[in-house]
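Structure at a glance
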Amino acid sequence: AVEFGLSKQTTALLSPLVILPLGIAVPIIANKIWHGAPLTQFLSAYQFRVTIVALFDVAMLHSVRTSTLNGGHRTATFWTAVIGSTALQAIVHSLQFNAQMTFFASRVDPAIG
């Protein structure tokens, strides 16, 4: 999104405010939902990634381009699209990473899985 006019400062600000809390909370919640079924968790996150996340990314890029054409005026739609896209990417990334680590831990250490 930086190449479409989103500032690097805005991108850097999203990391501690959005990505870090989701990276901590999502694996804890996912463990309660999928109960150690890593393949189901991974496939659910994958389906979400290729459908909903892609739509939010397109909406985010459109709102960034529109705001740069309007002289940099940032609207509520802009911030919703940017934060929503970033949050969904962080959620799906955490879900898929957690599923992979659960799978590997269950195969390497039989006491865990």
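Everything numeric in this text was worked out from a predicted model, so none of it was measured.

A word on the overall build of the protein chain. Looking only at helices and strands, one finds three helices and zero strands in the protein chain. For the protein chain, the N- to C-terminal ordering of α and β elements is α-α-α. The C-alpha atoms of the protein chain give 17 Å as radius of gyration, which overshoots the globular expectation for 113 residues (13 Å, by more than 25%). Viewed in the frame of its principal axes, the protein chain has a C-alpha envelope of about 60 × 25 × 20 Å. The contacts of the protein chain with a sequence gap of at least 6 include a subset with a gap of at least 24, amounting to 77%. Just so you have it, the protein chain exposes about 7200 Å², and 69% of that area is on carbon and sulfur atoms.

Here we come to the nonpolar core. Ranked by size, the top nonpolar core spans nine residues in total: Leu6, Leu14, Val18, Met60, Val64, Phe78, Ala81, Val82 and Ala87. Only helix H1 (8–34), helix H2 (38–69) and helix H3 (76–108) provide two or more residues apiece to this core. A total of four residues in this core trace back to one element, the largest contributor, which is H3. Leaving out residues up to four positions away in the same chain, Ala87 has contacts with Val18 and Leu22. Grouped together as the second largest cluster of nonpolar side chains are seven residues, Val26, Ala30, Val53 and Leu95 included.

The next point concerns the environment of Ser63. By the element assignment, Ser63 lies in helix H2. Taking relative accessible area as the criterion, Ser63 reaches 10% and is therefore assigned buried. Between the alpha carbons of Ser63 and Leu20 there is a distance of 24 Å; along the sequence they are 43 residues apart.

Here we take up H2. The end-to-end C-alpha distance of H2, which contains 32 residues, comes to 44 Å, matching closely the 46 Å that a straight helix rising 1.5 Å per residue would cover. Buried-residue contacts for H2 involve H1 and H3. Gly71 occupies a position one or two residues after H2 and carries a positive phi of about 80°.

On to unusual backbone geometry, then. Phi at His35 is positive, roughly 50°, even though this residue is not glycine. Its location among the elements puts His35 in the loop between H1 and H2.

Using the criterion set out here, one finds two aromatic pairs in the structure. For the pair Phe78 and Trp79, a centre-to-centre distance of 4.9 Å together with 80° between the ring planes defines the contact as edge-to-face.

The rules behind these values
- Residues numbered from 1 in each chain as written.
- Predicted model: local features only at pLDDT ≥ 70, side-chain atom pairs only at ≥ 80, totals over all residues.
- Heavy atoms only, no water.
- Helix = DSSP H or I, 4+ residues; strand = E, 2+ residues; numbered from the N terminus.
- Rg over C-alpha atoms; globule rule 2.2 N^0.38 Å.
- Contact = heavy atoms within 4.5 Å.
- Areas by Shrake-Rupley, 256 points an atom, 1.4 Å probe, with all protein chains shown as cover.
- Core = buried A, V, L, I, M, F, W, Y, C linked by side-chain atoms within 4.5 Å.
- Buried < 20%, exposed > 50% of the residue type's maximum accessible area, 1.4 Å probe, protein only.
- Expected span 1.5 Å × (residues − 1).
- Phe/Tyr/Trp six-rings, centres within 6.5 Å; stacked < 30°, edge-to-face > 60°.

Function cannot be read off these values alone, since they describe shape.
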